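Coordinates in review
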Amino acid sequence: MNKAVDIISRKAETKTSLISAGNLNISLQQPSVLVIHGSSADVARYERQGNDLLIVMKDGSVIRCNGYFIEDSEQHHGELVFQDDTGALTHVTFGEMDPNAPMVTMILEPVETLIAD
């Protein structure tokens, strides 16, 4: 199954679109909004490895977002949004994390919020 992801830069206000049939590796140069075209129900789990977010899909593929948790001077880091086939948007956030936590892999608990039009 193809995965389509839009990367929207907060500062540059640019959008880059990526499509992949398997694993996808995204390097963020600054805090950005990632819009994954699909349902959050297709996600098996979310992991944090250092400053990277790994989105492990139920089909076994992985979307790796390098630098997702790196904050800018305004304390912003990456944001994650799913857009399903109906156009509905779901914003996914993660609870507070210890910035001094060891660089081991941590399973994250998602908090999903539907975004109104």
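Residues numbered from 1 in each chain as written. Predicted model: local features only at pLDDT ≥ 70, side-chain atom pairs only at ≥ 80, totals over all residues. Heavy atoms only, no water.

Re the side chain of Ser61
When you line up the elements, Ser61 lands in the loop between strand S6 (52-57) and strand S7 (62-66). Of the polar contacts made by the side chain of Ser61, one reaches the side chain of Asp59; its length is 2.6 Å. Contacts of Ser61, omitting those with residues within four sequence positions, involve Lys3, Gly22, Asn23, Ile55 and Val56. (Helix = DSSP H or I, 4+ residues; strand = E, 2+ residues; numbered from the N terminus. Polar contact = N/O pair within 3.5 Å; in protein donor to acceptor, adjacent residues only side chain to side chain. Contact = heavy atoms within 4.5 Å.)

Concerning the pattern of salt bridges
It is possible for side chains of opposite charge to pair when their charged atoms get near one another. Per the stated rule, a full pass over the model turns up four salt bridges. Of the charged contacts, one joins Asp59 and Lys3 as a salt bridge, the two residues approaching to 3.6 Å between their closest N and O atoms. Of this pair, Asp59 sits in the loop between S6 and S7 while Lys3 sits in strand S1 (residues 3-9), placing them 56 residues apart in sequence. Using a relative accessible area of 47% as the deciding quantity, one classes Asp59 as partly exposed. Since its relative accessible area comes to 4%, Lys3 is described here as buried. (Salt bridge = Lys/Arg side-chain N within 4 Å of Asp/Glu carboxyl O. Buried < 20%, exposed > 50% of the residue type's maximum accessible area, 1.4 Å probe, protein only.)

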